[in-house]
Structure formats: C-alpha cells, structure tokens
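# Structural features, examined
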Amino acid sequence: MASCAKSLLIPFFPLEAERKEMDNFMIGFVFGVYNLIVFLASPVIGKYMSRIGVKFVYLSGVFVGGCCAILFGALDKGPSGISFTIMSTLVRCVEALGFAAFMTASMTIVSSEFPDHVGSVMAVLKTASGFGSMIGPLLGGLLYDLGGYGLPFYILGVVNLLSMIMIWKHIPEAQVNSTSVESGSIFNLFRSSLVLFSMAVVFLALAELNVIISTIALYLQQFSVNASTVGFMNAISASVYFVVTAIAGYITDVKNQQEALIIFGHFVGFLSWMLNGPSSFLPFIKASLWSFGVGIFLFGVNFGCMQAPVLKCMFNGALKLGYKKNTDTCALISGLFNSAFALGGFVGPIAGTAMIQEYGFANSYTVIALINLFMFIFSSGFFFLQYRTSRKTKEGTGIQSEQ
C-alpha cells in the first residue's frame, strides 16, 4: 500500500499541476525529489538501523507515508502558483523519508529471515512493492474519475494507517549483528565492480520507469484518453512485471542465472523503447495506443528482470569482499540498493521531461532505447569477463591444492 500511494498521482497530477500554474520542469521535479530523498536517506537508515530498531523503522515509515498521503490530497484546496509548488515538494519530501524507512526495513527483515533464499524472497518483496507502484496509477485514475483530486489520497492514506495498526504485532524484530568487515563501512562495498555495475543497472531501470511515470499522461493526451485509460496502461506493465519478477526470482535462486536475466532484460528494454515512441527508425509504425501498449508490455518484462537478479549480484559482490550472510549485511545492501533505485527515480523524471520538452517523445524514447542497447552489449562483456576471472581463480586454487 505504501508503494501504491507513491505512484497514485501519476495519471492526474501533471494535469492538475498545470491548472495550478506549475510548469513541466517543476512537475518532473515534484516526482523526482521524492526519489532524491530516498537516495540520500536509505544508506543512512541502513547504517543505523541496528541502533534504531528494524521493527520501529518499518512501522514509522508506514505511518509517515499514510499521513503524508492524506496531506497531499488536500493541496488542491490551497492557492495556485509558487505556494502549490512549495507545499507539493515539502509533503513529497517527508513522505519519501517514510518510504525509505519502510522499504529498507522490509528488505532487511525478509532477507534476514531467509538468508539462503535471497533471490526468491526479494522477488516476492519487490514484486509486491513494484506491483503496488505500477497498479497505483490505475487505482488513482479510477478514484480520481470517481471523486476528484483528494479521494485517491484520502483512501490510500487511511488504508496505510489501518494496515500499520493491524500488522504491528506480526512484524519480527530482526537481530542485527556486526560483519567481519569494519562495522558501518558501506563504502567498502564500492570496491566490488559487481556491486557498482549492479547499482548502475538499478539506476537505469528506475530512471526509465520514472520517465514513463512522469510523461505517460502527457504522451497519451494525443489520443484524448481519460485518467482511467492512463492507469490501465500502467496496469499492463504492472501485470507483466508481477509475473516476470516471480519467474526471475526462481531462476536466480534455483538456476543461478541472474547474469543472463540482466542481459536479456536490457535487450527487451531496447525493443520496448523503440516501440514506445515509436522511434523514427521505425517509420512503418505510427504512434497509436496499440504500439504504446506493446511497448509498455515489453517494459514490464524488462523491469521484472532488474530486481531479484541485481540484488543477488550485489550480495555476491559483498560476499566476495568478506561480508557475512547476516542481517547487518542485508541492511547495508538494502540501503545501497534502495539508494541507487531512488537516484534513478530522481534523475528519470527530471531528465525525461526536460528531454521530451526539447526534442519530443519519439526522439527522446529512441535515445533511451539506444542506452539499453549499449547496456546489453556492455553487460554481456562485463559478465563474460567476470566468468573468465572466476574460472581462472578456481583453476588456480585447484592447482595449488593438488600441489
């Protein structure tokens, strides 16, 4: 529900904000600043969670998110212009602090409860979170058409608060232990090329998602659709994402093929963005709800391949540096993952709206497609080199043991 509240405003806020005299750049900033705060707060929360208490952080995050959702629903009753812009930004910033606490704590809890099945449990968690984020626009559009601007925020805010009261007795208090590496040394993780590459993949995935989030309502205006249709388009990718993430979690844990999933995901992302525009390199495809629907379907596949596999890669990178499989490592990785996740969410809507305003949808989406093509080629080479290095290390160890 917390993730659903985060994306609830996608189908209608840009249009309402325009009526409140907010320009396109600031609309993108209101979307993006949420993720900037999550980017800054998540590593800090992960570092100090052992002192604060995992359960307390989780419940506090849900509470803050619920209250801020209700406050955001009342903003349309305030003045237009700079006042509306400032209040929207401030409420989103505080709500983002709650979301950072909730997500970092929830990832820490599930990964510490199931340390040997990180891929599967993270797939379940990120499926629930991602599905909430992507189904939010559908609910938001339906509730907006039904009762206006405030109704979606009021309902989701109240549901969040009620859920906190209902589940607080059932959330385990994870015990955080110190790692074999110096406690709190989150920057040691940057010594791993696998961790750094995984963060880049997460960053790109979230940047792309938030380009869609912040521009889909404006893009679909050319087809004269209502808010419910905008939400339905988001629901297409959400449904695909839900299925693909579960499959990717299974493949990651059971087959240990997280590298192949990441490579495949980038290729599908290339196809998705070529259709979303559609690209000028595809003159035989005209812009239509059909072409965008297929593109958004493929984007759900792309995004589903970038959750559990990337987390598994980050954990593998940490283990190679000497970190142990315990709750403290889970907290550090969770904070770092959410930080990269959120940085992409910050850059995506700002860069996306600015680029589209300057160059249009087709050209901007083509650039994103080409970035995915580059990442497909680069990730293939990167994982091949990782495989060769690992194989040589094992062969060297085998020779030494024989001697």
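As the structure is a prediction and not an experimental result, all values here were calculated from the model. (Residues numbered from 1 in each chain as written. Predicted model: local features only at pLDDT ≥ 70, side-chain atom pairs only at ≥ 80, totals over all residues. Heavy atoms only, no water.)

### Things to note about the overall build of the protein chain
The line we're drawing: Strands are runs of DSSP state E lasting at least 2 residues, helices are runs of H or I lasting at least 4, and numbering of each runs from the N terminus. Note on exposure labels: buried denotes an accessible area under 20% of the residue type's maximum, exposed denotes more than 50%, and partly exposed covers the range between, all computed with a 1.4 Å probe on protein chains only. Working rule for contacts: check all heavy atoms of both residues, and any pair within 4.5 Å makes them a contact. Areas reported as accessible are Shrake-Rupley estimates using a 1.4 Å probe. Residue values count occlusion only from the protein chains shown.
When you go through the protein chain residue by residue, the secondary structure sums to 14 helices and zero strands. Reading the helices (α) and strands (β) of the protein chain from amino to carboxyl end gives α-α-α-α-α-α-α-α-α-α-α-α-α-α. The buried share among the 403 residues of the protein chain stands at 58%. Considering only contacts within the protein chain whose residues lie at least 6 apart along the sequence, 85% involve residues at least 24 apart. Surface accessibility of the protein chain: about 16,800 Å² in total, with carbon and sulfur atoms responsible for 68%.

### Thoughts on the state of the cysteines
Rules: We call a pair of cysteine sulfur atoms a disulfide when they lie within 2.5 Å.
Following the criterion strictly, the structure yields zero disulfides and no others. Sulfur of Cys93: no disulfide; nearest cysteine sulfur belongs to Cys68 and is 9.9 Å away. According to the relative accessible area criterion, Cys93 is buried, its value standing at 18%.

### A closer look at the side chain of Thr104
What counts is decided by this rule: Nitrogen and oxygen atoms within 3.5 Å of one another constitute a polar contact, given that in protein one can donate a hydrogen and the other can accept it, and given that sequence-neighbouring residues count only through two side-chain atoms.
Relative to the assigned elements, Thr104 resides in helix H5 (residues 82–113). A distance of 2.8 Å separates a polar side-chain atom of Thr104 from the backbone oxygen of Ala100. Looking at Thr104, its side chain comes within polar contact range of the side chain of Asn338, at 3.3 Å. Ignoring any residue separated from it by four or fewer positions in sequence, one finds Thr104 in contact with Ser42, Ile45, Gly46, Met49, Ala331, Ser334, Gly335 and Asn338.

### Comments concerning the side chain of His266
The residue His266 is located in helix H10 (residues 258–276) in this model. Beyond its immediate chain neighbours, meaning those up to four positions away, His266 contacts Val201, Leu204, Asn302, Met306, Asn372, Met375, Phe376 and Ser379.

### Some details on helix H8 (residues 193–219)
The following threshold applies: Expected span of a helix: the number of residues minus one, times 1.5 Å.
Spanning 27 residues, H8 covers 37 Å between terminal C-alpha atoms, matching the ideal 39 Å at 1.5 Å per step. Of all 27 residues in H8, 23 are buried, a share of seventy percent or more. Where H8 begins, the side chain of Ser192 points an oxygen toward the backbone nitrogen of Leu194, at a separation of 3.3 Å.

### Some points on the nonpolar core
One recurring pattern in soluble globular proteins is that nonpolar side chains are buried together. Selection criterion: In these notes, a set of buried Ala, Val, Leu, Ile, Met, Phe, Trp, Tyr and Cys residues joined through side-chain atoms within 4.5 Å is what counts as a nonpolar core.
Judged by nonpolar contacts, the single largest core of 115 residues is most densely connected at Phe13 and Leu189. Considering every element that reaches this core, the biggest residue donor is H8, with 16 residues. Excluding residues that lie within four positions of it along the chain, Phe13 makes contacts with Met22, Val30, Phe31, Phe72, Phe84, Ser88 and Tyr149.

### Re the environment of Thr245
With respect to the helices, strands and loops of the structure, Thr245 is situated in helix H9 (residues 227–255). Thr245 sits 61 residues away from Met306 along the chain, and the two C-alpha atoms are 8.3 Å apart.

### Re the packing of H9 against helix H12 (residues 308–320)
For clarity, the threshold we go by: To get an axis, a line is fitted to the C-alpha atoms, and for a helix only the part in contact is used. The angle between two axes follows their N-to-C directions and goes from 0 to 180 degrees. Oblique is the label for any angle not covered by the other classes, which are roughly parallel (under 35 degrees), roughly antiparallel (over 145) and roughly perpendicular (65 to 115). Residues are grouped as follows: Ala, Val, Leu, Ile, Met, Phe, Trp, Tyr, Cys and Pro are nonpolar; Asp, Glu, Lys and Arg are charged; every other residue, Gly included, is polar.
Interhelical geometry of H9 versus H12 gives an angle of 30° and a closest axis separation of 8 Å. The angle between the axes of H9 and H12 places the two elements in the roughly parallel class. For the pair H9 and H12, contact is made by Ala248, Gly249, Thr252 and Asp253 and by Ala308, Pro309 and Lys312, respectively. By residue class, the composition of the contact of H9 with H12 is three nonpolar, two polar and two charged.

### Considering unusual backbone geometry
That bond from Gly277 to Pro278 is cis: its omega, -10°, falls within 30 degrees of zero. Despite not being glycine, Ser224 has its phi angle at roughly 55°, a positive value. On the secondary structure map, Ser224 appears in the loop between H8 and H9. Classification of Ser224 by relative accessible area gives exposed; the value is 68%.

### Describing the environment of Asn276
Locating Asn276 in the fold gives a position in helix H10. Accessibility expressed as a relative area gives 0% for Asn276, which makes it buried. The spatial distance from the C-alpha of Asn276 to the C-alpha of Gly293 is 8.0 Å, given a sequence separation of 17 residues. Beyond its immediate stretch of four places on either side in the chain, Asn276 contacts Ile212, Tyr219, Phe292, Gly295, Ile296 and Tyr365. A polar contact of 3.4 Å, which involves the side chain of Asn276, links it to the backbone nitrogen of Ile296.

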